[in-house]
Amino acid sequence: MIALLQRVSKADVVVEGEQIGVIGAGLMVLVCAERGDTEKEADLLLGKLLGYRVFADDAGKMNRSVTDVQGGLLLVPQFTLAADTRSGTRPSFTPAAAPEDGRRLFDHFVTQAKARHGMVQTGRFGADMQVSLTNNGPVTFWLQVKPASAA
């Protein structure tokens, strides 16, 4: 599983002209399932994401997590994060999970996030989404959890 997280002042997702997800300060997270991922990897990635310290403490150091600051969490499915770009000029999406697995794992990730964190909004799996954000910093991190068999 992959998460590309960006610390934001605000972020939103629009589908067919309708705003379906919006947060203030927090994390906008692009989420991708790869082939071989299971709910185990999704849970490990969520735990890492919720505890990842990217917000400033009183001394200005990145020592607080989205949970610590009670920030918003905007989860957006994006299978293109799994693209293989090593050769040619067109990405291969072979490393991405099959659509039905990707949807199942994204839905699981969202359900678990809502159970563990107060403010969770989402994009829509399979939709053509317009994502807007104000990256605060900028601060962007790539988190990845590989299946035990691929480690």
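Located above this text is the structure these notes cover.
This report concerns the structure included in the present document. (Residues numbered from 1 in each chain as written. Predicted model: local features only at pLDDT ≥ 70, side-chain atom pairs only at ≥ 80, totals over all residues. Heavy atoms only, no water.)

### A few points about the pattern of salt bridges
For clarity, the threshold we go by: By salt bridge we mean one thing: a side-chain nitrogen of Lys or Arg within 4 Å of a carboxyl oxygen of Asp or Glu. Note on exposure labels: buried denotes an accessible area under 20% of the residue type's maximum, exposed denotes more than 50%, and partly exposed covers the range between, all computed with a 1.4 Å probe on protein chains only. Helix numbering and strand numbering both begin at the N terminus, where a helix is a DSSP run of H or I of at least 4 residues and a strand a DSSP run of E of at least 2.
What the rule picks out here adds up to five salt bridges. Measuring nitrogen to oxygen at the nearest pair gives 2.8 Å for the salt bridge that ties Asp84 to Arg86. By relative accessible area, which is 74% here, Arg86 ends up exposed. Here Asp101 makes a salt bridge to Arg104, at a shortest N to O gap of 2.9 Å. Linking Asp101 with Arg104, this pair stays in helix H2 (residues 99-116), spanning three residues, or about one helical turn. We classify Asp101 as partly exposed; its relative accessible area is 31%. In this structure Arg104 comes out as partly exposed when scored by relative accessible area, which is 35%. Among the charged side chains, a network of salt bridges with common partners joins Glu39, Asp101 and Arg104.

### Examining the pairing of strand E3 (residues 26-32)
Our working definition: Criterion used throughout: strands pair if DSSP finds at least two bridges between them.
Extensive coverage of E3 is indicated by the burial of seven of its seven residues. Bridge count for strand E1 (residues 2-15) against E3 is seven bridges, and the pairing is antiparallel. In the sheet register, Leu4 faces E3, and the bridge partner there is Leu30.

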